[in-house]
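Each chain, letter by letter, is given below.
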Amino acid sequence: MTKSHFLYFYLTFQILEHKIFLKVCVKMAIQDIKSKINDNKQEKERKLLNTALHLFTEKGIKKTSIQDIVHEAGIAKGTFYLYFKDKYDLRDKLIAFKASQLFDDAHKALDAAVIPDFEEEILFVTDYIIERFQNQQGLMKFLSKNLSWGVFQDAVGTGSLVSQKFYNHYLDSLQRYHVECSSPKLLLFTLIEFISSTSYNCILHNEPVSMEEYMPYMHAALRQICKVYITETPV
């Protein structure tokens, strides 16, 4: 091979290598930009959701306008409609979002605990939810009457259940503790409805009794609800 041939091939190789390097750099830059845009979109949506929760619990949904929400969030009104059709669409997605957060947190606490059987897991989750409601009464006011709806509706496009990790744990527990259940979804729906509806007045108004006084009765009632739906099978 002559020197001129060598230089030709060498330069050709360098040009091709440079082009490949540039393509990789451009691709990485585009991915980085897309990631930042997506993060920015998620941050704006979270800001709108959190601001709406604050205003809905303070003023009520009817008295809260879209203008109120975007003004307090510091986001342009036109941006609001990139995420939500109207404030009722926002409300529905907020219910699902907050219900999902609550049950995902309950799932983490449940994973960290040592629970001996299925009913005790139900009572553990109940106590966790009640404690959160007691500490965050604004969240309870907003969620309590819509809690099961928020869990079972596909309002944020994540599947038939918003908190899928929690639901998977629940189904796994039925198998792990050798429990047969005629309708797992209906049982969970009934438990959530009972917990959210009966705790409301006890926590907010201490009526008919305080939540602490009511808890033993709630636990007993939850055990009876479980017995309606499930039968333990021998190991």
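Draft legend 1. View of unusual backbone geometry. The omega torsion of the bond from Glu207 to Pro208 falls at -5°, within 30 degrees of zero and hence cis. Tracing the chain through its elements places Pro208 in the loop between helix 9 (184-205) and helix 10 (211-229). At His178, a position not held by glycine, the phi torsion is positive, near 55°. For His178, the location among the structural elements is in the loop between helix 8 (164-176) and strand 1 (179-181). Even without being a glycine, Asn206 presents a positive backbone phi close to 55°. Tracing the backbone shows Asn206 in the loop between helix 9 and helix 10.

Draft legend 2. Quick look at the packing of helix 5 (residues 118-135) against helix 8. Between helix 5 and helix 8, the shortest axis-to-axis distance is 9 Å and the interhelical angle comes to 155°. The angle between the axes of helix 5 and helix 8 places the two elements in the roughly antiparallel class. Facing helix 5, whose interface residues are Phe118, Glu121, Ile122 and Val125, helix 8 presents Phe166, His169, Tyr170, Ser173, Leu174 and Arg176. By residue class, the composition of the contact of helix 5 with helix 8 is 6 nonpolar, 2 polar and 2 charged.

Draft legend 3. Region of the structure containing the confidence of the model for the protein chain. This prediction gives the protein chain a mean pLDDT of 81; 74% of its residues lie at or above 70. When the elements of the protein chain are averaged for pLDDT, helix 7 (residues 147-152) gives the smallest value, 64, and helix 10 the largest, 95. Scored below 50 in pLDDT, residues 155-162 makes 19 contacts in the model with residues more than four places away or belonging to other chains.

Draft legend 4. Spotlight on the nonpolar core. If you look at the biggest cluster of nonpolar residues, it comprises 61 residues, and the most contacted ones within it are Leu48, Phe118 and Leu187. Sort the elements by how many residues they give to this core and helix 9 lands first, with 10 residues. When sequence neighbours within four positions are dropped, the list of residues in contact with Phe118 reads Tyr170, Ser173, Leu174, Tyr177, Val179, Leu187, Cys226 and Ile230.

Draft legend 5. Representation of helix 5 in the model. Relative to the 26 Å expected for 18 residues at 1.5 Å per residue, helix 5 spans 26 Å between its end C-alpha atoms, a close match to the ideal helical length. Within the sequence span of helix 5, burial applies to Phe118, Glu119, Glu121, Ile122, Leu123, Val125, Thr126, Ile129, Ile130, Arg132 and Phe133. N-capping of helix 5 is provided by Asp117, with a side-chain oxygen placed 3.3 Å from the backbone N of Glu119.

The rules behind the values
Residues numbered from 1 in each chain as written. Predicted model: local features only at pLDDT ≥ 70, side-chain atom pairs only at ≥ 80, totals over all residues. Heavy atoms only, no water. Helix = DSSP H or I, 4+ residues; strand = E, 2+ residues; numbered from the N terminus. Axes fitted to C-alpha atoms, helices over the stretch in contact; angles between N-to-C directions. Parallel < 35°, antiparallel > 145°, perpendicular 65-115°, else oblique. Contact = heavy atoms within 4.5 Å. Nonpolar A, V, L, I, M, F, W, Y, C, P; charged D, E, K, R; others polar. pLDDT = per-residue confidence, 0-100. Core = buried A, V, L, I, M, F, W, Y, C linked by side-chain atoms within 4.5 Å. Buried < 20%, exposed > 50% of the residue type's maximum accessible area, 1.4 Å probe, protein only. Expected span 1.5 Å × (residues − 1). Polar contact = N/O pair within 3.5 Å; in protein donor to acceptor, adjacent residues only side chain to side chain.

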